[in-house]
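# Breakdown of the fold
The chain contents come next:
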Amino acid sequence: MSVSVRLPRGSRVIVAALFGTVLICGAVLLDAQLNATVDQRVNEGTAVTGRVVQADRLRVSRSSSVTRMTVAYSVGGVAYQERFSSELDEGRRHAGEELTVYVDLNDPSKAATADGYATEDLLLQLPILLGVAGGLAIVAALVWIKTGRHPGSR
């Protein structure tokens, strides 16, 4: 047995716009939390020297790209090789380059750099993706309002 709830046509547009707004607000809040976590790692972490093993630049959208790099460093004689990400375009890293990595001694696989790179446990790309999805939902709602066509209409 399935239950189906049909919203009035105008309500669908409002729900789409509200959904987009919620996604954008979530992206802003998540971005603030991620920045605070990176700052905390830099301020409280132990500085070690790392070496970039590989650096890649991935295009997320026309106006946004993400830099990912693999960094090798050691803490207490134990070697780590972690993938770092940043949504910032300012810093371009190259293989073989040395950099200072701030490591959480409780879990050395969690680290950050002063210029905004952090290990991927933080999912640094997620705020961008949420913001884009929210923007698309709002644009779709506006198109539905302008054209008079709503989802499910033929």
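Residues numbered from 1 in each chain as written. Predicted model: local features only at pLDDT ≥ 70, side-chain atom pairs only at ≥ 80, totals over all residues. Heavy atoms only, no water.

### Re the confidence of the model for the chain
Keep this limit in mind: On a range of 0 to 100, pLDDT expresses the predictor's confidence in each residue. Put simply, DSSP H or I for four residues or longer makes a helix, DSSP E for two residues or longer makes a strand, and each gets a number counted from the N terminus.
A residue-level look at the chain finds 79% of positions with pLDDT of 70 or above and a mean pLDDT of 78. Looking over the chain, one finds the lowest element-wise mean pLDDT in helix 2 (residues 126-147), namely 78, and the highest in strand 4 (residues 98-103), namely 91.

### Some thoughts on the nonpolar core
A general tendency of soluble globular proteins is for nonpolar side chains to be buried together. Just so we agree on the cut-off: Buried residues of nine kinds, namely Ala, Val, Leu, Ile, Met, Phe, Trp, Tyr and Cys, make up a nonpolar core once their side-chain atoms join them within 4.5 Å. Burial status follows relative accessibility: with a 1.4 Å probe on protein chains alone, a residue under 20% of its type maximum counts as buried, one over 50% as exposed, and anything between as partly exposed. Contact between two residues is taken to exist if any of their heavy atoms lie within 4.5 Å; hydrogens are not considered.
In terms of nonpolar packing, the biggest core is built from twelve residues, these being Val48, Val52, Met69, Val71, Tyr73, Val75, Phe84, Leu99, Val101, Val103, Ala111 and Tyr117. Where this core is concerned, the elements lending two or more residues are strand 1 (46-59), strand 2 (65-75) and strand 4. When residues of this core are assigned to their parent elements, the largest contribution, four residues, is made by strand 2. Beyond its immediate chain neighbours, meaning those up to four positions away, Val101 contacts Thr46, Ala47, Val48, Gly50, Val71, Tyr73, Phe84, Ala111 and Ala112.

### As for the side chain of Thr113
Our working definition: Polar contacts, as used here, are pairs of N or O atoms within 3.5 Å; protein pairs need one atom able to donate a hydrogen and one able to accept it. Residues neighboring in sequence count only if both atoms are side-chain atoms.
Within the fold, Thr113 resides in the loop between strand 5 (111-112) and strand 6 (118-119). In terms of polar contacts, Thr113 uses its side chain to reach the side chain of Asp115, at 2.5 Å. For Thr113, the contacting residues outside a window of four places in its chain are Val38, Val42, Phe84, Leu99, Thr100 and Tyr102.

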